[in-house]
Amino acid sequence: MSTITKIALGKNGPLVSKLGLGCMRMSPVWGNRATDENESIATIHMALDNGINFLNTGDFYGHGHNEMLVGRAIKGRRDQAFISVKFGAIFYNNQWLGLDLRPNSIKNFINYSLVRLGIDTIDLYQPCRMDNSVPVEDVIGTVADLIKEGKVRYLGVSEITADQLRKAHSVHPVAALEIGYSLADRQIESDLLPAAKELGIGVVAFANTAEGLLTGDLKAPLPADDYRSHFSRFQGENLVKNLEKVAILKQMAKEKGCSPTQLAIAWVNAQGDHIMPLVSMSRRTRLPENMQAMELQFTPEELNTLHTQFSPNAILGGTYLQR
(Lines give C-alpha, C1' and ligand atoms only; values in the text may rest on other atoms or scores of the structure.)
Protein backbone atom coordinates (compact mmCIF):
# COMPACT_ATOMS: atom_id res chain seq x y z
CA MET A 1 0.00 0.00 0.00
CA SER A 2 1.19 3.51 -0.75
CA THR A 3 1.18 6.12 1.98
CA ILE A 4 -1.73 8.55 1.89
CA THR A 5 -0.84 12.13 1.00
CA LYS A 6 -1.48 15.03 3.38
CA ILE A 7 -3.58 18.14 2.85
CA ALA A 8 -4.10 21.29 4.88
CA LEU A 9 -7.35 21.13 6.85
CA GLY A 10 -8.80 24.45 5.81
CA LYS A 11 -6.88 27.62 5.04
CA ASN A 12 -3.55 27.54 6.89
CA GLY A 13 -4.81 24.57 8.89
CA PRO A 14 -2.95 21.51 10.15
CA LEU A 15 -1.74 18.79 7.80
CA VAL A 16 -4.02 15.77 7.83
CA SER A 17 -4.38 12.70 5.64
CA LYS A 18 -6.46 13.08 2.47
CA LEU A 19 -8.36 9.98 3.61
CA GLY A 20 -9.97 9.96 7.06
CA LEU A 21 -10.85 6.97 9.21
CA GLY A 22 -14.36 7.00 10.66
CA CYS A 23 -14.40 4.96 13.87
CA MET A 24 -18.14 5.02 14.61
CA ARG A 25 -18.90 1.48 13.39
CA MET A 26 -16.31 0.07 15.79
CA SER A 27 -18.86 0.64 18.57
CA PRO A 28 -22.49 -0.35 19.19
CA VAL A 29 -24.46 2.40 17.44
CA TRP A 30 -28.13 2.37 16.41
CA GLY A 31 -28.54 -0.95 18.20
CA ASN A 32 -25.70 -2.71 16.36
CA ARG A 33 -23.30 -4.89 18.30
CA ALA A 34 -19.73 -3.77 18.86
CA THR A 35 -17.17 -5.28 16.52
CA ASP A 36 -14.10 -7.16 17.71
CA GLU A 37 -12.14 -4.58 19.69
CA ASN A 38 -8.75 -6.11 18.96
CA GLU A 39 -9.49 -6.00 15.24
CA SER A 40 -10.71 -2.41 15.50
CA ILE A 41 -7.55 -1.33 17.30
CA ALA A 42 -5.42 -3.21 14.77
CA THR A 43 -7.28 -1.35 12.00
CA ILE A 44 -6.46 2.00 13.59
CA HIS A 45 -2.82 0.98 13.98
CA MET A 46 -2.64 -0.12 10.35
CA ALA A 47 -4.20 3.18 9.26
CA LEU A 48 -1.63 5.14 11.26
CA ASP A 49 1.18 3.00 9.80
CA ASN A 50 0.01 4.02 6.32
CA GLY A 51 -0.23 7.73 6.99
CA ILE A 52 -3.95 7.99 7.80
CA ASN A 53 -3.81 10.22 10.85
CA PHE A 54 -7.36 11.68 10.85
CA LEU A 55 -9.46 9.64 13.30
CA ASN A 56 -13.09 10.63 13.67
CA THR A 57 -15.18 9.79 16.73
CA GLY A 58 -18.04 11.17 18.82
CA ASP A 59 -18.66 11.23 22.55
CA PHE A 60 -22.06 9.60 21.93
CA TYR A 61 -20.79 6.72 19.78
CA GLY A 62 -21.53 3.70 21.93
CA HIS A 63 -22.09 6.01 24.92
CA GLY A 64 -18.35 6.68 25.24
CA HIS A 65 -17.19 3.23 24.11
CA ASN A 66 -15.77 4.62 20.86
CA GLU A 67 -13.64 7.24 22.56
CA MET A 68 -12.23 4.68 24.99
CA LEU A 69 -11.44 2.37 22.07
CA VAL A 70 -9.68 5.14 20.15
CA GLY A 71 -7.85 6.12 23.33
CA ARG A 72 -6.45 2.63 23.71
CA ALA A 73 -5.46 2.53 20.05
CA ILE A 74 -3.47 5.78 20.15
CA LYS A 75 -1.75 5.13 23.46
CA GLY A 76 1.94 5.64 22.82
CA ARG A 77 1.17 7.01 19.34
CA ARG A 78 -0.55 10.28 20.18
CA ASP A 79 1.75 12.35 17.98
CA GLN A 80 0.73 10.29 14.93
CA ALA A 81 -3.01 10.84 15.34
CA PHE A 82 -5.27 13.82 14.65
CA ILE A 83 -8.38 13.32 16.80
CA SER A 84 -11.74 14.71 15.68
CA VAL A 85 -14.60 14.55 18.20
CA LYS A 86 -18.28 15.41 17.78
CA PHE A 87 -20.49 16.31 20.71
CA GLY A 88 -24.04 17.36 21.50
CA ALA A 89 -26.19 14.32 20.68
CA ILE A 90 -28.17 12.76 23.52
CA PHE A 91 -29.23 9.11 23.39
CA TYR A 92 -30.99 6.79 25.82
CA ASN A 93 -31.35 3.06 25.15
CA ASN A 94 -30.21 3.70 21.57
CA GLN A 95 -33.02 6.21 21.10
CA TRP A 96 -32.28 9.72 19.89
CA LEU A 97 -33.49 12.27 22.47
CA GLY A 98 -32.18 15.43 20.82
CA LEU A 99 -29.29 17.85 21.23
CA ASP A 100 -27.74 19.52 24.24
CA LEU A 101 -25.58 22.42 23.07
CA ARG A 102 -25.69 24.54 26.22
CA PRO A 103 -22.30 26.05 27.14
CA ASN A 104 -22.17 24.33 30.53
CA SER A 105 -22.98 21.00 28.92
CA ILE A 106 -20.20 21.43 26.35
CA LYS A 107 -17.71 22.16 29.14
CA ASN A 108 -18.88 18.99 30.85
CA PHE A 109 -18.76 16.88 27.67
CA ILE A 110 -15.17 17.74 26.83
CA ASN A 111 -13.79 16.75 30.23
CA TYR A 112 -15.29 13.28 29.85
CA SER A 113 -13.94 13.02 26.29
CA LEU A 114 -10.42 13.94 27.34
CA VAL A 115 -10.45 11.30 30.08
CA ARG A 116 -11.86 8.57 27.82
CA LEU A 117 -9.37 9.37 25.07
CA GLY A 118 -6.50 9.66 27.52
CA ILE A 119 -5.25 12.92 26.00
CA ASP A 120 -4.82 16.53 27.09
CA THR A 121 -6.06 18.23 23.92
CA ILE A 122 -8.62 17.34 21.26
CA ASP A 123 -7.41 18.34 17.79
CA LEU A 124 -10.82 19.10 16.24
CA TYR A 125 -13.95 19.61 18.35
CA GLN A 126 -17.36 20.14 16.81
CA PRO A 127 -21.08 20.21 17.56
CA CYS A 128 -22.67 17.29 15.69
CA ARG A 129 -25.54 19.47 14.47
CA MET A 130 -27.27 22.79 15.17
CA ASP A 131 -30.98 23.00 15.97
CA ASN A 132 -31.35 26.66 17.01
CA SER A 133 -32.04 25.61 20.62
CA VAL A 134 -28.90 27.54 21.56
CA PRO A 135 -27.60 30.55 19.60
CA VAL A 136 -24.76 29.66 17.24
CA GLU A 137 -22.68 32.37 18.87
CA ASP A 138 -22.96 30.67 22.27
CA VAL A 139 -22.05 27.21 20.97
CA ILE A 140 -19.09 28.39 18.92
CA GLY A 141 -18.02 30.86 21.58
CA THR A 142 -17.80 28.05 24.11
CA VAL A 143 -15.55 25.97 21.86
CA ALA A 144 -13.46 29.11 21.23
CA ASP A 145 -13.01 29.41 25.00
CA LEU A 146 -11.88 25.77 25.14
CA ILE A 147 -9.32 26.56 22.44
CA LYS A 148 -7.98 29.42 24.57
CA GLU A 149 -7.74 27.05 27.53
CA GLY A 150 -5.73 24.57 25.48
CA LYS A 151 -8.30 21.77 25.61
CA VAL A 152 -9.02 22.07 21.88
CA ARG A 153 -6.79 22.96 18.93
CA TYR A 154 -9.26 23.62 16.12
CA LEU A 155 -12.97 24.30 15.69
CA GLY A 156 -15.09 22.11 13.46
CA VAL A 157 -18.79 22.08 12.59
CA SER A 158 -21.07 19.37 11.26
CA GLU A 159 -24.46 19.05 9.56
CA ILE A 160 -25.21 22.78 9.36
CA THR A 161 -26.52 25.24 6.78
CA ALA A 162 -24.49 27.76 4.78
CA ASP A 163 -25.88 30.62 6.89
CA GLN A 164 -24.94 28.83 10.11
CA LEU A 165 -21.48 28.15 8.71
CA ARG A 166 -20.92 31.81 7.94
CA LYS A 167 -22.15 32.83 11.37
CA ALA A 168 -19.95 30.28 13.11
CA HIS A 169 -16.90 31.37 11.12
CA SER A 170 -17.53 34.99 12.08
CA VAL A 171 -17.33 34.04 15.78
CA HIS A 172 -14.18 31.92 15.46
CA PRO A 173 -12.32 30.54 12.41
CA VAL A 174 -13.76 27.16 11.40
CA ALA A 175 -11.15 24.66 10.25
CA ALA A 176 -13.45 21.94 8.94
CA LEU A 177 -17.03 21.19 7.93
CA GLU A 178 -18.14 17.58 8.36
CA ILE A 179 -21.05 16.73 6.09
CA GLY A 180 -22.60 13.81 4.21
CA TYR A 181 -21.55 13.92 0.55
CA SER A 182 -21.79 11.36 -2.22
CA LEU A 183 -22.97 10.86 -5.79
CA ALA A 184 -26.40 10.24 -4.26
CA ASP A 185 -26.34 13.33 -2.01
CA ARG A 186 -25.22 16.38 -3.97
CA GLN A 187 -27.69 18.98 -2.70
CA ILE A 188 -24.97 20.73 -0.68
CA GLU A 189 -23.22 21.71 -3.91
CA SER A 190 -25.62 24.63 -4.38
CA ASP A 191 -24.72 26.65 -1.29
CA LEU A 192 -22.90 24.86 1.54
CA LEU A 193 -19.84 23.64 -0.38
CA PRO A 194 -19.32 27.00 -2.14
CA ALA A 195 -19.54 28.76 1.24
CA ALA A 196 -16.94 26.44 2.74
CA LYS A 197 -14.59 26.97 -0.20
CA GLU A 198 -15.06 30.74 -0.09
CA LEU A 199 -14.24 30.84 3.62
CA GLY A 200 -11.24 28.54 3.30
CA ILE A 201 -12.83 25.72 5.32
CA GLY A 202 -11.85 22.10 4.75
CA VAL A 203 -14.59 19.56 4.05
CA VAL A 204 -14.72 16.17 5.79
CA ALA A 205 -17.15 14.17 3.66
CA PHE A 206 -18.79 11.12 5.22
CA ALA A 207 -21.37 8.60 3.90
CA ASN A 208 -19.57 8.35 0.55
CA THR A 209 -21.62 5.27 -0.37
CA ALA A 210 -24.91 6.81 0.84
CA GLU A 211 -25.65 4.24 3.55
CA GLY A 212 -24.53 1.42 1.28
CA LEU A 213 -26.69 2.36 -1.71
CA LEU A 214 -23.65 2.88 -3.95
CA THR A 215 -21.81 -0.30 -2.99
CA GLY A 216 -23.67 -2.30 -5.62
CA ASP A 217 -24.49 -4.98 -3.06
CA LEU A 218 -28.13 -4.07 -2.35
CA LYS A 219 -31.15 -5.80 -3.81
CA ALA A 220 -34.81 -4.82 -3.60
CA PRO A 221 -36.61 -5.21 -1.33
CA LEU A 222 -34.43 -4.88 1.77
CA PRO A 223 -34.96 -7.29 4.67
CA ALA A 224 -37.60 -6.03 7.08
CA ASP A 225 -35.06 -5.75 9.90
CA ASP A 226 -32.63 -3.61 7.88
CA TYR A 227 -32.43 -0.17 9.55
CA ARG A 228 -32.36 1.49 6.13
CA SER A 229 -35.88 0.28 5.38
CA HIS A 230 -37.13 3.22 7.48
CA PHE A 231 -35.77 5.68 4.93
CA SER A 232 -37.81 6.50 1.83
CA ARG A 233 -34.74 6.11 -0.38
CA PHE A 234 -34.71 2.40 0.36
CA GLN A 235 -38.44 1.76 0.11
CA GLY A 236 -40.58 0.27 -2.66
CA GLU A 237 -40.33 1.76 -6.12
CA ASN A 238 -37.78 4.33 -4.94
CA LEU A 239 -35.25 1.61 -4.24
CA VAL A 240 -35.97 -0.12 -7.54
CA LYS A 241 -35.38 3.11 -9.50
CA ASN A 242 -32.30 4.00 -7.43
CA LEU A 243 -30.71 0.62 -8.05
CA GLU A 244 -31.12 1.23 -11.79
CA LYS A 245 -28.85 4.24 -11.31
CA VAL A 246 -26.41 2.17 -9.29
CA ALA A 247 -26.21 -0.30 -12.19
CA ILE A 248 -24.51 2.47 -14.19
CA LEU A 249 -21.93 2.85 -11.41
CA LYS A 250 -21.38 -0.92 -11.33
CA GLN A 251 -20.77 -1.03 -15.08
CA MET A 252 -18.22 1.80 -14.92
CA ALA A 253 -16.49 0.12 -11.98
CA LYS A 254 -16.27 -3.13 -13.96
CA GLU A 255 -14.71 -1.29 -16.90
CA LYS A 256 -12.16 0.40 -14.61
CA GLY A 257 -11.32 -2.80 -12.75
CA CYS A 258 -12.47 -1.59 -9.34
CA SER A 259 -15.48 -1.90 -7.05
CA PRO A 260 -18.47 0.47 -6.99
CA THR A 261 -17.46 1.42 -3.44
CA GLN A 262 -14.02 2.45 -4.63
CA LEU A 263 -15.57 4.44 -7.44
CA ALA A 264 -17.89 6.25 -5.01
CA ILE A 265 -14.98 7.18 -2.72
CA ALA A 266 -12.82 8.21 -5.68
CA TRP A 267 -15.55 10.54 -6.94
CA VAL A 268 -15.71 12.35 -3.59
CA ASN A 269 -11.93 12.56 -3.53
CA ALA A 270 -11.92 14.09 -7.02
CA GLN A 271 -14.20 16.97 -6.00
CA GLY A 272 -11.35 19.06 -4.62
CA ASP A 273 -8.04 19.15 -2.79
CA HIS A 274 -9.86 20.61 0.22
CA ILE A 275 -12.27 17.65 0.47
CA MET A 276 -11.42 14.56 2.54
CA PRO A 277 -13.40 11.35 2.13
CA LEU A 278 -14.15 10.02 5.63
CA VAL A 279 -14.58 6.26 5.37
CA SER A 280 -15.83 4.05 8.19
CA MET A 281 -13.78 0.90 8.69
CA SER A 282 -13.54 -1.66 11.47
CA ARG A 283 -11.51 -4.36 9.69
CA ARG A 284 -7.96 -4.26 8.37
CA THR A 285 -9.02 -6.07 5.21
CA ARG A 286 -10.91 -2.99 4.04
CA LEU A 287 -7.97 -0.62 4.33
CA PRO A 288 -6.09 -1.56 1.11
CA GLU A 289 -9.28 -1.28 -0.97
CA ASN A 290 -10.12 2.16 0.38
CA MET A 291 -6.57 3.43 -0.01
CA GLN A 292 -6.50 2.22 -3.61
CA ALA A 293 -9.69 4.19 -4.24
CA MET A 294 -7.74 7.37 -3.54
CA GLU A 295 -5.50 6.63 -6.54
CA LEU A 296 -8.31 6.21 -9.08
CA GLN A 297 -8.58 8.83 -11.82
CA PHE A 298 -11.53 9.75 -14.03
CA THR A 299 -11.61 10.80 -17.66
CA PRO A 300 -13.69 13.88 -18.52
CA GLU A 301 -16.19 11.54 -20.20
CA GLU A 302 -16.53 9.39 -17.08
CA LEU A 303 -17.08 12.41 -14.87
CA ASN A 304 -19.68 13.76 -17.28
CA THR A 305 -21.52 10.43 -17.17
CA LEU A 306 -21.54 10.36 -13.38
CA HIS A 307 -22.59 13.99 -13.05
CA THR A 308 -25.40 13.49 -15.55
CA GLN A 309 -26.73 10.20 -14.21
CA PHE A 310 -26.32 11.25 -10.58
CA SER A 311 -27.40 14.85 -10.88
CA PRO A 312 -28.74 16.48 -7.70
CA ASN A 313 -32.07 14.86 -6.74
CA ALA A 314 -31.65 12.07 -9.31
CA ILE A 315 -31.75 9.58 -6.43
CA LEU A 316 -35.32 9.26 -5.16
CA GLY A 317 -36.21 9.57 -1.50
CA GLY A 318 -34.10 10.68 1.43
CA THR A 319 -32.21 9.58 4.50
CA TYR A 320 -31.38 11.19 7.81
CA LEU A 321 -28.53 12.98 6.02
CA GLN A 322 -30.99 15.37 4.45
CA ARG A 323 -32.45 18.24 6.42
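Refer to the preceding data block for the structure.
Here the structure is a predicted model, which is why all the values come from computation and not from measurement. (Residues numbered from 1 in each chain as written. Predicted model: local features only at pLDDT ≥ 70, side-chain atom pairs only at ≥ 80, totals over all residues. Heavy atoms only, no water.)

Colleague: Looking at this model, I keep getting lost on the layout of surface pockets. Mind explaining?
Modeller: The probe, sized like a water molecule, is rolled over the atoms to show the empty space still left. In this model, the second largest pocket occupies a volume close to 310 Å³. Forming the walls of the second largest pocket are 18 residues, and the residues nearest its centre are Asn 269, Met 294, Glu 295, Leu 296 and Gln 297. When the residues that make up the lining of the second largest pocket are grouped by side-chain class, the tally is nine nonpolar, six polar and three charged. (1 Å grid on protein atoms, 1.4 Å probe; cavity = no way out; pocket = protein on both sides within 12 Å on 5 of 7 lines; lining within 4 Å. Points joined across faces, edges and corners; volume = space filled by probe spheres on them. Nonpolar A, V, L, I, M, F, W, Y, C, P; charged D, E, K, R; others polar.)

Colleague: Where do I start with the side chain of Glu 302 in this structure?
Modeller: When you line up the elements, Glu 302 lands in helix H10 (residues 300–309). The class of Glu 302 is buried, set by a relative accessible area of 17%. Leave out the neighbours within four places in its chain, and Glu 302 touches Met 252, Lys 256 and Gln 297. (Helix = DSSP H or I, 4+ residues; strand = E, 2+ residues; numbered from the N terminus. Buried < 20%, exposed > 50% of the residue type's maximum accessible area, 1.4 Å probe, protein only. Contact = heavy atoms within 4.5 Å.)

Colleague: It is not clear to me how the environment of Asn 132 should be interpreted in this structure. Could you clarify?
Modeller: Residue position: Asn 132 is located in the loop between strand E8 (122–127) and helix H4 (136–149). Using a relative accessible area of 64% as the deciding quantity, one classes Asn 132 as exposed. For the pair Asn 132 and His 307, spaced 175 residues apart in sequence, the C-alpha separation works out to 34 Å.

Colleague: I would appreciate a short explanation of the nonpolar core in the present structure.
Modeller: If you look at soluble globular proteins, the nonpolar side chains tend to sit buried side by side. Of all hydrophobic cores here, the largest spans 98 residues; its most connected members are Tyr 125, Leu 165, Leu 213 and Leu 214. With near-sequence residues (within four places) excluded, Leu 165 lies in contact with Val 157, Ile 160, Val 174, Leu 177, Leu 192, Ala 195, Ala 196, Leu 199 and Ile 201. Ile 7, Phe 54, Leu 124 and Phe 206 belong to the second-largest nonpolar core, a separate cluster that totals 13 residues. (Core = buried A, V, L, I, M, F, W, Y, C linked by side-chain atoms within 4.5 Å.)

Colleague: What is the right way to read the environment of Lys 107 from this model?
Modeller: Mapping Lys 107 onto the fold places it in helix H3 (residues 103–117). Relative accessible area serves as the criterion here: at 38%, Lys 107 is assigned to the partly exposed category.

Colleague: What's the story with the packing of helix H5 (residues 162–171) against helix H6 (residues 192–199) in this structure? I'm lost.
Modeller: Geometrically, a packed helix pair is captured by the angle between its two axes and the distance between the axes. Running from N to C, H5 and H6 cross one another at 20°; their axes reach a closest spacing of 9 Å. Looking at the two axes, H5 sits roughly parallel to H6. Considering how the two elements wind past one another, H5 and H6 form a crossing that is right-handed. Two secondary-structure elements touch here, H5 through Ala 162, Leu 165, Arg 166 and His 169 and H6 through Leu 192, Ala 195, Ala 196, Glu 198 and Leu 199. (Axes fitted to C-alpha atoms, helices over the stretch in contact; angles between N-to-C directions. Parallel < 35°, antiparallel > 145°, perpendicular 65-115°, else oblique. Left-handed = near helix turned anticlockwise from the far one by under 90°.)

Colleague: Could you clarify how one ought to interpret the pairing of E8 in this entry?
Modeller: Working note: regular strand, side chains alternate between the two faces of the sheet. The buried fraction of E8 is high, at six of six residues. By the bridge criterion, four bridges tie strand E5 (residues 82–87) to E8 in an arrangement that is parallel. Of the residues in E8, the one forming a bridge with Val 85 is Tyr 125. Direction of pairing for E8 relative to strand E9 (residues 152–158): parallel, over a ladder of three bridges. Bridge pairing links Leu 124 to Tyr 154 in E9. Between the parallel elements E8 and E9, the chain passes through H4 in a crossover that is right-handed. (Pairing = 2+ DSSP bridges. Right-handed = clockwise from strand over helix to strand, strands pointing away.)

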